[in-house]
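Each chain, written out:
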Amino acid sequence: MFLLSLAWRSLRNRAVISGLTLLSIALSVALLVGIEHIRRGVRESFAGTIKGTDLIVGARGGTTQVLLSTVFGMSTPTGSVSWATYERWRAHPAVRWTIPYALGDAHKGQRVIGTTAEFFTRYRFRDRSVTFAEGGPPDTDREVAIGAEVAERLGYTLGSEVVLAHGVAAVSFAEHTAHPFIVSGIIDRTFTPIDRALYVTLDGLTAMHEAEEGAGGLMMGPPTPQTEGPAPITAFLVGTKNRFETLQLQREMNEDRSEPLTAIIPGVALAQLWQTIGSAEVGLRVVATLTLIVGLIGMCVALFASLESRRREIAILRAVGAGPRTIVSLLVLESGVLVTLGAITGVVMVYGGIVLARSAVEARFGVALTLHPLRSTEWIYLGVIVVAGTLVGLLPAWRAYRNSLADGLSPSL
Amino acid sequence: MSDSAVSRAGSTPAVAIRDLRFAYVAGREVIDIPTLEFAAGETVFLHGPSGSGKTTLLSLIAGVVTPRAGHLTLLGTDLTTLSSGARDRFRAAHLGYVFQMFNLIPYLSVRENITLPCRLSASRRSRVTDPEAAAQALAERLEIAGLLDSRVTALSVGQQQRVAVARALIGAPELIVCDEPTSALDADRRDRFLELLFANVAEAGSTLLFVSHDLSLAGRFDRTLALRELNRAATMGGI
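Procedures and definitions
Residues numbered from 1 in each chain as written. Chains lettered and ligands numbered in written order. Predicted model: local features only at pLDDT ≥ 70, side-chain atom pairs only at ≥ 80, totals over all residues. Helix = DSSP H or I, 4+ residues; strand = E, 2+ residues; numbered from the N terminus. Rg over C-alpha atoms; globule rule 2.2 N^0.38 Å. Buried ≥ 20, exposed ≤ 12 C-beta atoms within 10 Å, placed from the backbone. Contact = placed C-beta atoms within 7 Å. pLDDT = per-residue confidence, 0-100. Expected span 1.5 Å × (residues − 1). Nonpolar A, V, L, I, M, F, W, Y, C, P; charged D, E, K, R; others polar. Core = buried A, V, L, I, M, F, W, Y, C linked by C-beta atoms within 7 Å. Pairing = 2+ DSSP bridges. Axes fitted to C-alpha atoms, helices over the stretch in contact; angles between N-to-C directions. Arc of directions from axis to C-beta. Parallel < 35°, antiparallel > 145°, perpendicular 65-115°, else oblique. Left-handed = near helix turned anticlockwise from the far one by under 90°.

(A) Representation of the overall build of chain B in the model. When helices and strands are tallied, chain B shows ten helices and nine strands. In terms of overall dimensions, chain B is globule-like: its C-alpha atoms have a radius of gyration of 17 Å, near the 18 Å expected for 239 residues. Oriented by its inertia axes, the alpha-carbon framework of chain B measures out at about 50 × 40 × 40 Å. Per-residue burial over chain B gives 49% buried out of 239 residues. Across chain B, contacts joining residues at least 24 apart in sequence account for 76% of those joining residues at least 6 apart.

(B) Here's a closer look at the overall build of chain A. What chain A contains, in helices and strands, is 15 helices and twelve strands. When each of the 413 residues of chain A is scored for burial, the buried share is 42%. Sequence-distant contacts in chain A: of pairs separated by 6 or more residues, those separated by 24 or more amount to 79%.

(C) Here's a closer look at the confidence of the model for chain B. All names here are of chain B. On average, residues of chain B score 83 in pLDDT, and 93% of them are at 70 or above. Note that residues 1-9 has pLDDT below 50 and, in this model, ten contacts with residues that lie over four places away or in other chains. ipTM for the predicted complex: 0.83, alongside a pTM of 0.70.

(D) Spotlight on helix 8 (residues 187-204) of chain B. Residue and element names in this part refer to chain B. Compared with an ideal rise of 1.5 Å per residue, which puts 18 residues at 26 Å, helix 8 spans 26 Å between its outermost C-alpha atoms and is within 8% of the ideal. Those residues of helix 8 that are buried lie in contact with strand 3 (43-47), helix 6 (131-141), helix 7 (157-169), strand 7 (175-179) and strand 8 (207-212). Gly-205 sits one or two positions beyond helix 8 and adopts a positive phi of about 75°.

(E) Just the interface of chain B and chain A, in detail. Across the boundary between the two partners, chain B contributes 26 residues, which contact 17 residues of chain A. Of all the elements in the fold, those that place two or more residues in the side of chain B that touches chain A are helix 2 (54-62), helix 3 (84-94) and helix 4 (110-120) of chain B. Class assignment of the residues belonging to the side of chain B that touches chain A gives a composition of 14 nonpolar, six polar and six charged.

(F) Up close: the nonpolar core. Among the nonpolar cores identified, the biggest contains 110 residues, and Val-29 of chain A together with Leu-138, Ala-166, Val-177, Leu-209 and Phe-210 of chain B are the most heavily contacted of them. Among the elements that make up this core, the one with the highest residue count is helix 13 (residues 324-365) of chain A (ten residues). With 52 residues, the next largest nonpolar core counts Ile-99, Phe-119, Tyr-123 and Met-208 of chain A among its residues.

(G) Quick look at the pairing of strand 7 (residues 143-146) of chain A. All names here are of chain A. Two strands pair when backbone bridges link them, and strand 7 and strand 9 (residues 180-187) are joined in this way by four bridges, in the parallel orientation. Across the sheet, the residue bridging to Ala-145 is Gly-185, located in strand 9. Where strand 7 lies against strand 10 (residues 197-201), three bridges are found, and the strand directions are antiparallel. Note that in strand 10 the partner of Val-144 across the bridge is Val-200.

(H) Layout of the pairing of strand 2 (residues 28-38) of chain B. Residues and elements named next belong to chain B. Pairing analysis gives nine bridges linking strand 1 (residues 15-25) to strand 2, with the strands arranged antiparallel. When the sheet's bridge partners are listed, Ala-23 is paired in strand 2 with Glu-29. Between strand 1 and strand 2, which follow one another and run antiparallel, lie two residues, and Gly-27 among them has a positive phi close to 90°.

(I) Layout of the sheet that holds strand 9 (residues 223-226) of chain B. Residue and element names in this part refer to chain B. Across the sheet, which stays open at both edges, the five strands sit in the order 6-7-8-3-9 with parallel pairing between neighbours. In the strand order of this sheet, the two ends are held by strand 6 (95-98) and strand 9, each with one partner. Direction aside, the axes of adjacent strands within the sheet are offset by 15° on average. Across five bridges, the pairing between strand 7 and strand 8 is parallel. Residue pairing in the sheet places Cys-178 in a bridge with Phe-210 of strand 8.

(J) Looking closely at helix 1 (residues 2-13) of chain A. Residues and elements named next belong to chain A. The end-to-end C-alpha separation of helix 1 is 16 Å, in line with the 16 Å expected for twelve residues at 1.5 Å each. Listed as buried for helix 1 are Leu-6, Ala-7, Ser-10 and Leu-11. Viewed along the axis of helix 1, the buried residues span an arc of 135°, placing them on a single side of the element. Among the exposed residues of helix 1, those oriented more than 90 degrees off its buried face are Phe-2 and Arg-12.

(K) Looking closely at the sheet that holds strand 1 of chain B. Taken in spatial order, the four strands make up an open sheet running 2-1-4-5 (chain B), and their pairing is antiparallel. In the strand order of this sheet, the two ends are held by strand 2 and strand 5 (77-78) of chain B, each with one partner.

(L) The packing of helix 2 (residues 15-47) of chain A against helix 13 of chain A, seen in detail. Residues and elements named next belong to chain A. Where helix 2 contacts helix 13, the axes come no closer than 7 Å and their chain directions differ by 50°. Judged by the angle between their axes, helix 2 and helix 13 are oblique. Regarding helix 2 and helix 13, the two cross each other, and that crossing is right-handed. Between helix 2, through Ser-18, Thr-21, Leu-22, Ile-25, Ala-26, Leu-27, Val-29, Ala-30, Val-33, Gly-34 and His-37, and helix 13, the contact on the second element is made entirely by Leu-338, Val-339, Leu-341, Gly-342, Ala-343, Thr-345, Gly-346, Val-347, Met-349, Val-350, Gly-353 and Ile-354.

(M) The arrangement of unusual backbone geometry in detail. Here the phi dihedral of Phe-191 of chain A falls at roughly 60°; this positive angle occurs in a residue that is not glycine. Among the structural elements, Phe-191 of chain A can be located in the loop between strand 9 and strand 10. Phi at Ala-172 of chain B is positive, roughly 45°, even though this residue is not glycine.

(N) The arrangement of the packing of helix 1 of chain A against helix 13 of chain A in detail. Residue and element names in this part refer to chain A. Two numbers describe how helix 1 lies on helix 13: the axes approach to 9 Å, and their chain directions differ by 60°. It follows that helix 1 is oblique to helix 13 by the angle criterion. Once helix 1 is placed against helix 13, the crossing between them reads as right-handed. Each of Leu-3, Leu-4, Leu-6, Ala-7, Trp-8, Ser-10 and Leu-11 in helix 1 lies in contact with helix 13, whose residues at this interface are Thr-326, Ser-329, Leu-330, Leu-333, Glu-334, Val-337 and Leu-338.

Given below as structure tokens:
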């Protein structure tokens, strides 16, 4: 205990060097722990893009493609699902609810999606449902609900008239009169792709296409068979009555011959996708680890540099009865104290940074950084850092020991 | 002098050296002393120019370096039979050491510097009832009581040397070793320092081994020795 206080006061005596060393360790620890927090935040908000849905079903195609086109509004759909098939599966005894998802044309780069009221009551992301900042879901085929980012970027407000058509046709007077939509609601910011989409009713979507065709617009979107009533949809989301039936239902859908479908489990598909795109985090970790190694080497250098000026101090300690072991312990304690305080400071910096920046980060990137206690990975990191840092202290300590043996009581100054 | 020296002469000598040899580099001996003995309570002035092996002899007596051959007995304990850890403990318990200069740990207060041996050694600690009180008493006798809570960097060289004496004397160890403690002091301060040193060493009843090249100090001591005459390595080396 006395040695610890001696080590502490010796470090304080060299406040500038010790402070800078501590700071460099703290920064590298903060980098390592901070990356871990951000990584987890990103992964959680990614995994939370869709919740509560047991299956996503689209036309036969790749798992990732179905996921991307329905949940992320990216990539092209695998095809279409006929209304009859959708109805058939909706009536399946294992199915509790379904949300149809019909992808329309883009509106100024934002996707237009036809769906039903189920979407606004059933859809979940990060355990939240879709709520409205203003207004409500579209009721008629002339109403549209818009995502927060759409409202912000395009300057739409409640009651705005919007012409949902693509590209060149959008400016046409004929289009405008053919089928304009009224903004019925603005959805609260979700930090998911919902923010970048416009939601209309299925009828609205059909009307929009018919208007285009009627006005002589280009034939776009899924072909509309004249023989059937409602137009085909792109995909549908399924909630099952019993989670245990999900796998069974998935297999049934995938093996059904009447219309080839791909049913995916969102959680599994998200995890697979994360595996692919998440490999960048390995690079981040490597960089953070290298920074930490640099920090520890810096500490080692600082302790070595201090040794020369401390030969006298060490000779005094030897003269009053300190053995070489005491000298080694003192120096190892010093590096231990430095690295421990550095680690604590680094963690405090991360938490402080999260408190200060979390709202800005969430608003800007939709990544919810949470103040959670350190998890086992981080404890392991910190443990390794403290142990490695203390062991690094053994090098200068060993040197001091050798010096003190050679110097005896007369350090050459 | 004195009755006390004579009366203790029959008891165990403070330091007894027989055929002591030491070399930093094999074959180049710096210490070769056939015989040397200090009585308990004796004050000894050891005179020698630089290079005569003074500091090496003091390091050997302090048990910081190990002799190549011979015997070095302190207070009846042969240091050559002890492990280095045991020698460190022995030094902490029975020996006070004063350097030529820079005696103090810069980041400890004067008080903490004085009590340092008690903090590092349990047996030294057991020699005083209360280290703080002992430090206070020594500081008063050495006329540095007002400086106890100062930073050591604020002290003059003379004050620093007195703090070093207080530290060497705390717990009244049997042997005080001073390595040219006055060389950085001017004449007035040197005389006052020596007066205080002698008074306190006598108070503690310790043996004093005082090394200096300044022969004018020798008159105050019970005995004066010239290291060149004792150390065959020094005379033969012709340094």
